[in-house]
Amino acid sequence: MTVQSAALLKDLQGHVRRLETDLRFQVDRNPELAARLRNDHSRASGAGRTAESWTAWLDAQITQAAVSWVLGSVFVRFCEDNDLTERRWIAGVRDRRGDGLARAVDAQAAWIQEHPRENDRTWL
């Protein structure tokens, strides 16, 4: 299988943008999260680790989190697709047992039953 680097990059950049939008929404919607991040920014400023404004600093944190999530997901899929792990989290049609998607769905369902207050983000 040949990797189409330009197409992959474009697709992943789109995922990063969507995640950035969602993360900004989460910060706006969750006062506790916003307060925790403002505190982090204040401590970083006080320690001389950043001279960025709150908005610039938050944008950088959101981008870093989104990129980390996308790269982590790509890494997990790479491991699944190359049978480097027995466990399946996301899927993988190329599974030596031929049932990667079913195994991922079953594992997630079992995990959710054990952790009913958690979500997909925590699963991964």
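So, how was this worked out
- Residues numbered from 1 in each chain as written.
- Predicted model: local features only at pLDDT ≥ 70, side-chain atom pairs only at ≥ 80, totals over all residues.
- Heavy atoms only, no water.
- Core = buried A, V, L, I, M, F, W, Y, C linked by side-chain atoms within 4.5 Å.
- Buried < 20%, exposed > 50% of the residue type's maximum accessible area, 1.4 Å probe, protein only.
- Helix = DSSP H or I, 4+ residues; strand = E, 2+ residues; numbered from the N terminus.
- Contact = heavy atoms within 4.5 Å.
- Expected span 1.5 Å × (residues − 1).
- Arc of directions from axis to C-beta.
- Salt bridge = Lys/Arg side-chain N within 4 Å of Asp/Glu carboxyl O.
- Axes fitted to C-alpha atoms, helices over the stretch in contact; angles between N-to-C directions.
- Parallel < 35°, antiparallel > 145°, perpendicular 65-115°, else oblique.
- Nonpolar A, V, L, I, M, F, W, Y, C, P; charged D, E, K, R; others polar.
- Lys, Arg positive; Asp, Glu negative; His and termini not counted.

A. Spotlight on the nonpolar core. Ranked by size, the top nonpolar core spans 7 residues in total: V27, A34, L37, W54, W57, L58 and I62. Within the residue set of this core, elements represented by two or more residues are α2 (31-46) and α3 (54-81). A total of 4 residues in this core trace back to one element, the largest contributor, which is α3. The contact partners of W54, leaving out residues within four places of it in the chain, are A34, L37, R38 and H41.

B. Up close: helix α4 (residues 100-114). Between the first and last C-alpha of α4 there are 21 Å, a value that for 15 residues agrees with the 21 Å anticipated at 1.5 Å per step. Among the residues making up α4, those that are buried are G100, R103, A104 and W111. Down the axis of α4, the buried set is contained in an arc of 100°. They therefore lie on one face. Away from its buried face, by an angle of more than 90 degrees, α4 presents the exposed residues L101, D106 and Q113. For α4, the secondary structure elements touched by its buried residues are α5 (120-123).

C. Just the pattern of salt bridges, in detail. On inspection of all chains with the given rule, the structure shows 4 salt bridges. R24 serves as the salt-bridge partner of D59, at 3.4 Å between the closest nitrogen and oxygen. A residue pair is termed long-range when its members are at least 10 positions apart, and D59 in helix α3 and R24 in helix α1 (residues 5-29) qualify at 35 residues. Looking at R24, the relative accessible area reads 31%, which means it is partly exposed. In this structure, R43 and D40 form a salt bridge, with 2.5 Å as the shortest nitrogen-oxygen distance. In this pair, R43 and D40 both sit in helix α2, 3 residues apart, roughly one turn of the helix.

D. Layout of α3. When the terminal C-alpha atoms of α3 are compared, their 40 Å separation across 28 residues agrees well with the 40 Å that a helix rising 1.5 Å per residue should span. Burial in α3 covers these residues: W54, W57, L58, I62, A66, V70, C79, E80 and D81. Contacts made by the buried residues of α3 are with α1 and α2. Residue D83 follows α3 closely and has a positive phi angle near 50°.

E. Region of the structure containing the packing of α1 against α2. Contact geometry of α1 with α2 gives a least axis separation of 5 Å together with a crossing angle of 100°. In terms of orientation, α1 lies roughly perpendicular with respect to α2. Each of Q26, V27 and R29 in α1 lies in contact with α2, whose residues at this interface are P31, L33, A34 and L37. Here the contact of α1 with α2 is built from residues that sort into 5 nonpolar, 1 polar and 1 charged.

F. Up close: the side chain of E20. Within the fold, E20 resides in helix α1. Although E20 lies buried, it forms no salt bridge, and the closest oppositely charged side chain, R24, sits 4.6 Å away as judged by the N-O distance. Discounting chain neighbours no more than four positions away, the residues touching E20 are I62, T63 and A66.

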